[in-house]
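Structure at a glance
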Amino acid sequence: MTDSYPKAYIPKSCEEKWYNVWQKNRIYEASAESPKPAYSILMPPPNVTGILHFGHVLNITIQDVFIRWKRMQGYETCWFPGTDHAGIATQARLEKELAKEGLTRYDLGREKFLERVWKWKEEYGGIILRQLRKLGISSDWSRTLFTMDESASNAVREVFVRLFDEGLIYRGKRIINWSPLSQTALSDEEVEFKEIKEHLFTLKYYFVDSNEYLSVATVRPETIFGDVAVAVNPKDERYKRYIGKFVRVPLVGRVVPVISDEYADPTFGTGCVKITPAHDPYDFEVGERHNLPIINSINPDGTLNEVAGQYNGVERFEARARIIEQLKNSHLIEKIESYTHNVGFSQRGGEPVEPYLSDQWFVRMKPLAEIALPPVLDGRIKFYPEHWGKTYQHWLENVRDWCISRQLWWGHRIPVYYTPDGRFTAARSEDEARKRLKLSSEVLLTQDPDVLDTWFSSWLWPLTTMKWLYDGKSETTQDLQKFLPTDLLVTAPDIIFFWVARMIMATMKFKNEIPFKNVYFTSTIRDGLGRKLSKSLGNSPDPLQIIEKYGADATRFTMIYLAPLGQDVRMDIDFKTQDIPSMEIGRNFANKIWNAARFLLLKRDMVFGNEYPIVYNNRVLREQEYSYSDKWIRSRLHSTIKKVNSSLENFKINDYSKILYDFIWRDFCDWYIEILKVELAEGFDPYFKQALMSFALQTFESVLKLIHPIMPFISEELWHLLTNKSEDESISLELNPEINEDFIDVELESNFEIYQLIVEEIRRLRNEIGIEPQKQLDVTLSIEKSNLLDLINNLKATIAFLAKCKKVDVVSKPGNFTKTISSVVREVQINIHLGSEINIEREQARLRKEIERLSKNILSIQSKLENSNFLSKAASEIIEREREKLNSMQDSLNKVQEIYHKLVEL
RNA sequence: GGUGGCUUAGCUCAGAUGGUCGAGAGCGUUCGCCUCACACGCGAAAGGUCACUGGUUCGAAUCCAGUAGCCACCACCA
């Protein structure tokens, strides 16, 4: 018998078992036709190249908690999973593999390369979705979408054409952020600025007609090959006279004009700035204003080009070093200062981006920003924590056009077709392009070679997951009708611009609907030193190993327990072993739950024998049979249900975990179960014992339901052990316990608190005096308050059990005792009869301390109650409470003083 | 430069709408326990001028302002 309930919870076997059962029974697949109200969540699609890290664990667990909780509240829940094709990351990954074979993508050619990527995707892509299953999540896997699936691609193409036709997508020659590593354009959002210590070089630009020169500062001397002018501020008296003259670009020898432009800041550097339109966005604007030529001196791979003469083909930073040498040798450098400034880096590749002039496709953002702002401002979409709304607003109000073309192969091909003479149109197919351009079938059309930014498909996620335009035509589907808008989006704040904002734009634009009602921004997880987790820092443990070691439930619970809304999380990480010791919180808690169940099961088997489960349902406590502790735990349970619901409703998921932790560990295990032991031992009537156990088991079943959203495996396992239900049934399809306000008894809870204080005080005194652990002493409690007296009398035996007393007497009047140490909690006097002489001095000292503490408190309350302002302005119930507090403390003080004086007399 | 966040026990953090805080938890530390569910446990203890200054209020860890330190995001001028 005992063998069926091992002493410690073993997560592994039950996790595998139950996930397989859930999958087999397809219990988490949603029906759009269900009459139940809908509750839906979009899973932020991880990259196909991704592997599980702790950011996912937190993010995914939060979503699962809400989905499971709502499912148990009777909603038709649908959690849409999927993966993102992650253009740059995936292509880079495959190119790396090719490189091992000594190949580049160009060796294979576009078609072969893409075949290869697809093959890789089928084989290894989406490993992360399998890893997510280890967490026990209840997403609807039948609805899994990949952003390059045909249905999604159809929608992407359609959206592109529509925006193009509306003039919201345009092609333009602009300075964009170029990644030399990936050799593609990037959006502004994909650039990260870092502070870099470099040098500021002041170069000499000699006038063509004199020995004088202009001093021009630059941090990028390698761009001098693209210089087409030197600008000075028109108001700058120092340089006014040079405007219109010509200088020679150092080394290059090109003769360029000195122009006047407001852009030159007289207070910065020398006040002269070289203008290189091809390599700086501001210079580009200056060039446009002054009609200057544009000279590109850098290749897409980051090397200098033929314009740079001898530096042709030299990598940009290498070139810089060599150019400086040459400038030095030619005495063309006036000075070199160290200089700290911010440089843009490619978020993915990590290399400095190159401002690069090229033809790219852009989305006009203003009109989209205008429709995306109102739903957040008017509260249709709520952010948690709220303050992200400000960040969102600021971004939208200052948004710049979105560069969506990428010079990659892996991604959605831009649906634009060009004629040999340079005309073009967006179209759903080549045929359509031909029609649109009114071309005969002989004219050769070429499709744009570029692909779209990955986020151009991600922003349609709320729509494509629900099969919008899956065939390029259908504007609505059952899923859209049932599940849009979704209820909750859980995501990291760093993709608020990339993704959250753009989803709002797209969904508002194409469906005139919000994509989600609530957005929960997760915490950033950091190590003990406050650093973000990253592989390169070696502070990013593999969640699968942690799950292996501590269990999925433990991992889930710990993450939620540690991660309050809106606050970063610090996890102690053992860098050597890649262990996370704080996972013990969850593991120990799971073990505690397991053992509470084990206790109940053992007692159940004892009390019912083989009558279980036949008579189980007939054994019910009659109302008068409920003991104070039964009523207390029932009251606590219902208070807990209430708190659980309100914390989840307010997205305080961290509170939810703490409320249950405290309730289960403290209330249920430390007190209720301990008391139950006594009640079972005392009861003679087997029917009564069975009823008592039924109540305990039912209470525990409620506990399991409450904990299920965060600890799905152990709760499922125990629920089955407890109820003997068939494997086809699942606790996750049960309804949450309902609150019965009638069961919440505030007065009982407060009296019970005094009972707990009494037990604790006796234990404390025993410890303090050093009574041997096994020694049982007689205790007399004197209590005047009648309802408390009744409660304590009722629970007398449990006090004896919990505080190791031989006998507990309860009297209504304080007695006169010798060889006794006494203490007071609230209005109760506790007397422990030692049966031997006591250390009077020590007792006096102890009591003096108590008198002091009480007197201090009383004084502060008294002064409050004597304050007429307080009496006239404070709420009456506050005053009443203070009065009660004062009375209670006075009473305590009187009693302590009485004891003290008696000691003195001895 | 702009915006937002944080600062409560040795450590990590709870402490909506100010009074129930007569400041809490977990870990760590100290002491005592293998008490018939659990040593992944039980019982107990020590440990805090709630960053600083001022204000609002009858009353502030909680609201406001300022200061300091830390963090994040945005903008980025040669």
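Residues numbered from 1 in each chain as written. Chains lettered and ligands numbered in written order. Predicted model: local features only at pLDDT ≥ 70, side-chain atom pairs only at ≥ 80, totals over all residues. Heavy atoms only, no water.

Moving on, we get to the overall build of chain A. Check the secondary structure of chain A and you find 30 helices and 29 strands. Taking 29 Å as the expected radius of gyration for a compact globule of 906 residues, we find that chain A reaches 37 Å, considerably beyond that expectation. The principal-axis extent of the C-alpha atoms belonging to chain A is close to 115 × 65 × 55 Å. By residue count, 56% of the 906 residues in chain A fall in the buried class. The long-range fraction of contacts in chain A, counting pairs at least 24 apart against all pairs at least 6 apart in sequence, stands at 77%. Split by element, the accessible area of chain A, about 40,400 Å² in all, is 49% carbon and sulfur. (Helix = DSSP H or I, 4+ residues; strand = E, 2+ residues; numbered from the N terminus. Rg over C-alpha atoms; globule rule 2.2 N^0.38 Å. Buried < 20%, exposed > 50% of the residue type's maximum accessible area, 1.4 Å probe, protein only. Contact = heavy atoms within 4.5 Å. Areas by Shrake-Rupley, 256 points an atom, 1.4 Å probe, with all protein chains shown as cover.)

This brings us to the sheet that holds strand E18 (residues 416–418). Strand order in the open sheet made by the three strands is E19-E18-E20, with antiparallel pairing throughout. Two strands in the sheet have a free side with no partner beyond their single neighbour: strand E19 (424–426) and strand E20 (446–447). Of the pairings in the sheet, the one linking E18 to E19 comprises three bridges and is antiparallel in character. In the strand pairing of E19, Tyr418 is matched with Phe424. On top of the sheet, helix H7 (residues 150–165) reaches E18 and E19; it is set at about 125 degrees to E19, its chief contact. (Pairing = 2+ DSSP bridges. Axes fitted to C-alpha atoms, helices over the stretch in contact; angles between N-to-C directions.)

This part takes up the protein's contact with RNA strand B. As a matter of local geometry, RNA strand B sits amid 61 residues, with Phe268, Asn342, Asn595, Arg598 and Lys873 nearest to it. Backbone sugar and phosphate groups make up 56% of those atoms of RNA strand B lying within 4 Å of the protein. In this structure, a base nitrogen belonging to RNA strand B sits 3.5 Å away from a side-chain N or O atom of Arg881. For RNA strand B, a phosphate oxygen lies 3.0 Å from a polar atom in the side chain of Lys885. Among the residues forming the surface near RNA strand B, the class breakdown is 22 nonpolar, 15 polar and 24 charged. (Near = heavy atom within 4 Å. Polar contact = N/O pair within 3.5 Å; in protein donor to acceptor, adjacent residues only side chain to side chain. Nonpolar A, V, L, I, M, F, W, Y, C, P; charged D, E, K, R; others polar.)

Attention now moves to unusual backbone geometry. In the segment running from Tyr384 into Pro385, the intervening peptide bond is cis, with an omega of -5 degrees. Assignment of secondary structure puts Pro385 in the loop between strand E15 (382–384) and helix H12 (388–397). Cis geometry is adopted by the peptide bond preceding Pro485, which originates at Leu484 and carries an omega value of -5 degrees. With respect to the secondary-structure elements, Pro485 resides in the loop between helix H16 (478–483) and strand E22 (486–491). One non-glycine residue, Ala86, lies in positive phi territory at about 45 degrees. As for its position among the elements, Ala86 is in the loop between strand E3 (82–83) and helix H3 (87–100). Under the relative-accessibility criterion, Ala86 is labelled buried at 4%.

This part takes up the sheet that holds strand E27 (residues 805–811). The strand order across the open sheet built from four strands is E27-E26-E29-E28, with neighbouring strands paired in mixed fashion. With partners counted over all chains shown, the strands left at the sheet margins are E27 and strand E28 (820–825), one partner each. Across the sheet, the mean angle separating the axes of adjacent strands is 20 degrees when strand polarity is ignored. As judged from the six bridges shared by E28 and strand E29 (residues 828–833), these two strands associate in the antiparallel manner. Residue pairing across strands places Ser822 opposite Asn831, the latter belonging to E29.

Of all hydrophobic cores here, the largest spans 154 residues; its most connected members are Phe66, Ile593, Phe700, Tyr755, Ile758, Leu781 and Ile792. Within the second largest apolar cluster, 66 residues are counted, among which are Met365, Ile404, Ile504 and Met505. (Core = buried A, V, L, I, M, F, W, Y, C linked by side-chain atoms within 4.5 Å.)

Glancing now at the confidence of the model for chain A. The predicted model of chain A has a mean per-residue pLDDT of 89, with 98% of residues at 70 or higher. Within chain A, the element-level pLDDT minimum falls on helix H28 (residues 840–866), averaging 81, and the maximum on strand E2 (residues 76–80), averaging 97. Both scores are available for the predicted complex, with the pTM at 0.92 and the ipTM at 0.93. (pLDDT = per-residue confidence, 0-100.)

Turning our eyes to something else, we now look at the pattern of salt bridges. Scanning all chains against the criterion turns up 60 salt bridges. Arg162 is paired through a salt bridge with Glu475; the nearest N and O atoms lie 2.6 Å apart. You can see Arg162 sitting in helix H7 and its partner Glu475 sitting in the loop between helix H15 (461–464) and H16, a full 313 residues away along the chain. Between Arg436 and Asp165 there is a salt bridge, with the nearest N and O atoms lying 2.6 Å from each other. In this pair, Arg436 is assigned in helix H13 (residues 430–436) and Asp165 in helix H7, connecting sequence segments 271 residues apart. Arg436 sits in the partly exposed class, given a relative accessible area of 29%. Each of Glu158, Arg162, Asp165, Arg428, Glu432, Arg436 and Glu475 takes part in salt bridges that share partners, so that together they form one network. (Salt bridge = Lys/Arg side-chain N within 4 Å of Asp/Glu carboxyl O.)

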